[in-house]
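So you can see what is in the structure, the chains are spelled out below.
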Amino acid sequence: MPLELNDSSAKENSFAHQMKLLRNLQNHVCLHLQAGNIPTPDLAVTSYGARVCVCVSCIDPPVFLSLQYFEVPFDSNMNRTKNRPLVRGQISPLHAVCFAAACGVPGVALLTLAVNPLTGFLGALNIFLYTCCYTPLKRHSIANTWVGALVGAIPPVMGWTAATGCLEPGALLMGGFLYCWQFPHFNALSWNLREDYSRGGYRMMSVTHPGMCKRVALRHSLGLIGLSAVAPALGVTTWTFPLVALPINLYISYLAFVFYRRGDRGSARKLFFCSLWHLPMLLLLALTCKKPRGGHEEEAAAAAAVAPPLALQS
């Protein structure tokens, strides 16, 4: 009986943790929608559609099982994943696939019909990249990390396209933040899980190219400084943003440098935990320092008021 209670408690804690991860991923989309002053009904539809669409490509939650369907034989060899429902036989493969389809298809349809086709396309592309590209690559090439970073960069782009209906430099900038951030985040995480990944047969940089793993983490941490400096030039933020974001960008770069020099568990752990608060802080600073988008609209309205009413003259 004590064992059953402990197992039940562990399941509840794991479920709560995974739901928190999903909410954080959805909140990245919501943040960029709010930055674009999108109306509340559209915000609700887009965030719900993004949540459903992202379900099938989320990294870890046991409730979202499409990824786990492909990795059951390998997950059983890893301490981190051996207790997943599919590995333990708690859910059948058929149920996993049906649940994934029941999330993915309505999610893409909702984003396409209720928001705009571009956002729906990006959602479908993200599902395809994660399940059909990133997941198989994990056992064949370290390129999987770059593909996974691209998958993580798409949600904020979806938020931008949902608010504006088009791909603009600002959308790519937001995606660039997520893309660069994921390398110090994941490389630091995978460094302390090298033995686990090796047992599972996954080709991660930390396992097969440890030197590259540290260099890439440092390089992309420094890239966050460059992207922050580009934001005002693209008209996304004011020039205050690179200055106020510089301390946190320098700090994560410093920890990445320490990780590069030492390559031990302690430095990897510090870099990983820093990445957990760095990203939301960086996006909040960008939101606080955003440049108003109403200038062009006001100029267009003024020009329309001065122009003769051609439609009435005809």
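Structure's up top.
Residues numbered from 1 in each chain as written. Predicted model: local features only at pLDDT ≥ 70, side-chain atom pairs only at ≥ 80, totals over all residues. Heavy atoms only, no water.

**Let's talk about a nonpolar patch on the surface**
Side chains of Tyr 251, Tyr 254, Trp 277 and Met 281 sit close together on the surface and give an oily, nonpolar patch of about 420 Å² of accessible area. When contributions to the nonpolar patch are tallied by element, the ones reaching two or more residues are helix H13 (240-262) and helix H14 (265-288). (Patch = residues over 30% accessible without salt bridge, like charges linked within 9 Å, V, L, I, M, F, W, Y side chains within 5 Å. Areas by Shrake-Rupley, 256 points an atom, 1.4 Å probe, with all protein chains shown as cover. Salt bridge = Lys/Arg side-chain N within 4 Å of Asp/Glu carboxyl O. Helix = DSSP H or I, 4+ residues; strand = E, 2+ residues; numbered from the N terminus.)

**Some remarks on the nonpolar core**
In terms of nonpolar packing, the biggest core is built from 55 residues, with Leu 173, Met 174, Phe 177, Leu 224, Phe 241, Leu 271 and Leu 282 touching the most fellow members. The set of elements that each furnish at least two residues to this core consists of helix H7 (117-137), helix H8 (144-164), helix H9 (169-191), helix H12 (210-233), H13 and H14. For this core, the element with the highest residue contribution is H9, accounting for 11 residues. When sequence neighbours within four positions are dropped, the list of residues in contact with Leu 173 reads Leu 227, Ala 231, Leu 234 and Val 236. (Core = buried A, V, L, I, M, F, W, Y, C linked by side-chain atoms within 4.5 Å. Buried < 20%, exposed > 50% of the residue type's maximum accessible area, 1.4 Å probe, protein only. Contact = heavy atoms within 4.5 Å.)

**Looking at the side chain of Thr 237**
Mapped onto the elements, Thr 237 comes out in the loop between H12 and H13. Apart from residues no more than four positions distant in its own chain, Thr 237 is found in contact with Ala 231, Pro 232, Ala 286, Cys 289, Lys 290 and Lys 291.

**Some remarks on the packing of H12 against H13**
A pair of packed helices can be characterised by two numbers: the angle between their axes and the separation between those axes. It is at 8 Å that the axes of H12 and H13 come closest, and there the two elements cross at 175°. As summarised for this structure, H12 and H13 are arranged roughly antiparallel, according to the angle between their axes. Grouping the constituent residues of the contact of H12 with H13 by class yields 19 nonpolar, 4 polar and 2 charged. (Axes fitted to C-alpha atoms, helices over the stretch in contact; angles between N-to-C directions. Parallel < 35°, antiparallel > 145°, perpendicular 65-115°, else oblique. Nonpolar A, V, L, I, M, F, W, Y, C, P; charged D, E, K, R; others polar.)

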